[in-house]
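Here's the letter readout for the chains.
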Amino acid sequence: MHSFTTALRILWTSPVSESIFSVSCLHCASFRDNKAPASIEPATVAPASPLISETEPTSAATIQQDADRHLVTHFESVQAISTTTTTPSLLPMLLQSLTRNTDHKPLLELLRQGGMAADEKYAAWEEIKVLTFTRAVAASWMVSLLDLMNRVQLNILGRHLYLQSNILDARHPQHSGLGSREQPLQMTHRAQELFLAYAHYCGERGVEPLIPIVKQAVTDAVSNIELTTKLGADQVLQMFSDAHKGVAPELSRLGFEVFLLPSPEHRQVWHSAARFPDNGALQPGALGGLDDDAIDGLLTEVRQIIGSAKFGVALKAAVQESARVAADELHNEMKGGEKPLAKLCPRVAELANKLLQRDDNECVSRFANLPEIQRLSATVYSCGPVL
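Residues numbered from 1 in each chain as written. Predicted model: local features only at pLDDT ≥ 70, side-chain atom pairs only at ≥ 80, totals over all residues. Heavy atoms only, no water.

**Details of the overall build of the protein chain**
Of the regular secondary structure elements, the protein chain holds 14 helices and two strands. Put simply, of all contacts in the protein chain between residues at least 6 apart along the chain, 89% involve residues at least 24 apart. Carbon together with sulfur atoms contributes 53% to the accessible area of the protein chain, which is approximately 17,500 Å² in total. (Helix = DSSP H or I, 4+ residues; strand = E, 2+ residues; numbered from the N terminus. Contact = heavy atoms within 4.5 Å. Areas by Shrake-Rupley, 256 points an atom, 1.4 Å probe, with all protein chains shown as cover.)

And the structure:
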């Protein structure tokens, strides 16, 4: 949970000036099409307050520019937190869960020990073939789901904290007339931490319902290819593509929530198991009414967003990009050569390690630059679950 404590600290500590309180949710509209005003240069803009003299009149345009700069800076900081801090911190947990559910090494050990009948050896190799491809294909889907879930959560929370601290400040009651969708939830620090703890669910539990789906799609895609068949990288990647095509319709039918959030009846169990940071101010006692209401509101937003068409478009783009990362890795390794499928299986399994590595993760870095994900993030940050 340390990474989430860091995330909250950053979300709360953006500089605030008096001029910023003129912002309304309508200013977020510049993000909805993933376009900030061309004149904004967040990296080079100084905090707004030193530019405003108490004795010098401030134009409405200047106030607006200061507000927009602050808004852009805050939005970009939320995206950076997701890419560099929180998503990478969750990947080791996801890799461990995937390994538990797709471990082919015990079968290899049995084969090395010998003493198996011919039909047993064949069955073991067939299972290894399916497990190794299942591991790689599932990694592609899970890194995409995890990254998007984390971005959705951080952008929801970032929007509420921005509104709470910059717009509905008690010193500025004139902003209390915002519409219901623009009203930020009143959240304790503990409620924020618990909400972000839901990101762990994908890595800890989301793999389990995904594996049977992927395994069936992989079986359909690879069952007719003999282990002695020599394959090049492009042929292996075609097997990947065929498996992905089998996974997508089933996930769309089930909905993505089953892989990302506990069911309502299991929510309290998840609360009791949530890991809090080592912080004396955060007591892991029973939820109070205010915390429970806030978390309900945040999770309602999450469910609406992950059920939207825009989330589906972003997920498709992410899965395709993660497949390209795997393709690049395989092409670099095989260098145009061919190998029997039996010898390729362990290498295929290793692709999951590449897709889910914590440090310098190529998938997560590329996701941040995908227009579909940028548009989703901007929409969530600016206008909430109405997509």
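**Some remarks on the packing of aromatic side chains**
Under the criterion given, the structure shown has three aromatic pairs. Taken together, a centroid distance of 5.1 Å and an interplanar angle of 65 degrees make the contact between F75 and Y381 edge-to-face. In this pair, F75 sits in helix α2 (residues 60-102) while Y381 sits in helix α14 (residues 371-383), placing the two residues 306 residues apart along the sequence. (Phe/Tyr/Trp six-rings, centres within 6.5 Å; stacked < 30°, edge-to-face > 60°.)

**A look at the side chain of R135**
Mapped onto the elements of the fold, R135 is located in helix α4 (residues 118-166). Looking at R135, its side chain comes within polar contact range of the side chain of T99, at 3.0 Å. In this structure the side chain of R135 is engaged in a polar contact, spanning 2.7 Å, whose partner is the side chain of N353. (Polar contact = N/O pair within 3.5 Å; in protein donor to acceptor, adjacent residues only side chain to side chain.)

**Focus on unusual backbone geometry**
Although it is not a glycine, K335 sits at a positive phi angle of roughly 50 degrees. In this structure, K335 sits in the loop between α11 (309-334) and β2 (339-340). A relative accessible area of 70% means that K335 is categorised as exposed. The backbone of D360 sits at a positive phi, close to 50 degrees, despite the residue not being glycine. Positionally, D360 belongs in the loop between α12 (341-356) and α13 (362-367). (Buried < 20%, exposed > 50% of the residue type's maximum accessible area, 1.4 Å probe, protein only.)

**Topic: the environment of V152**
Relative to the helices and strands, V152 resides in helix α4. Judged by relative accessible area, which is 1%, V152 ranks as buried. On a C-alpha basis, the gap between V152 and A199 in space is 9.9 Å, while along the polypeptide they are 47 residues apart.

**A word on the packing of α11 against α12**
Contact geometry of α11 with α12 gives a least axis separation of 10 Å together with a crossing angle of 130 degrees. Of the possible angle classes, the one that applies to α11 and α12 is oblique. Every pair of crossing elements has a handedness; the one defined by α11 and α12 is right-handed. In this structure, α11 contributes S322, V325, A326, E329, L330, E333 and M334 to the contact, and α12 contributes L344, R347, L351, K354 and L355. Here the contact of α11 with α12 is composed, by residue class, of seven nonpolar, one polar and four charged. (Axes fitted to C-alpha atoms, helices over the stretch in contact; angles between N-to-C directions. Parallel < 35°, antiparallel > 145°, perpendicular 65-115°, else oblique. Left-handed = near helix turned anticlockwise from the far one by under 90°. Nonpolar A, V, L, I, M, F, W, Y, C, P; charged D, E, K, R; others polar.)

**Regarding the pattern of salt bridges**
Where side chains of opposite charge bring their charged atoms close, a pairing between them can arise. Counting across every chain of the model gives 14 salt bridges. Of the charged contacts, one joins E126 and K129 as a salt bridge, the two residues approaching to 3.0 Å between their closest N and O atoms. Separated by three residues within a single helix, E126 and K129 lie in helix α4, roughly one turn from each other. Between K215 and E127 there is a salt bridge; the shortest N-O distance is 2.9 Å. In this pair, K215 sits in helix α6 (residues 199-222) while E127 sits in helix α4, placing the two residues 88 residues apart along the sequence. Judged by its relative accessible area of 27%, E127 is partly exposed. (Salt bridge = Lys/Arg side-chain N within 4 Å of Asp/Glu carboxyl O.)

**Observations concerning the environment of Q357**
Its location among the elements puts Q357 in the loop between α12 and α13. Looking at Q357, the relative accessible area reads 27%, which means it is partly exposed. A polar contact is formed between the side chain of Q357 and the backbone oxygen of D359, at a distance of 3.0 Å. In this structure the side chain of Q357 is engaged in a polar contact, spanning 3.2 Å, whose partner is the backbone oxygen of D360.

**As for the confidence of the model for the protein chain**
Overall, the predicted model of the protein chain reaches an average pLDDT of 79, with 73% of residues at or above 70. Mean pLDDT values over the elements of the protein chain span from 53, in helix α1 (residues 2-12), up to 97, in α13. Scored below 50 in pLDDT, residues 170-181 shows 18 contacts in the model against residues more than four places distant or in partner chains. Low pLDDT, under 50, characterises residues 276-287; the predicted model gives this stretch 20 contacts beyond four residues in sequence or across chains. (pLDDT = per-residue confidence, 0-100.)

**What about the environment of L148?**
Take L148: it is sitting in helix α4. What makes L148 buried here is its relative accessible area of 0%. Separated by 216 residues in the primary sequence, L148 and V364 have C-alpha atoms spaced 9.8 Å apart.

**Let's talk about α12**
Compared with an ideal rise of 1.5 Å per residue, which puts 16 residues at 22 Å, α12 spans 23 Å between its outermost C-alpha atoms and is within 8% of the ideal. Those residues of α12 lying buried are L341, L344, C345, R347, V348, A349, L351, A352, L355 and L356. (Expected span 1.5 Å × (residues − 1).)

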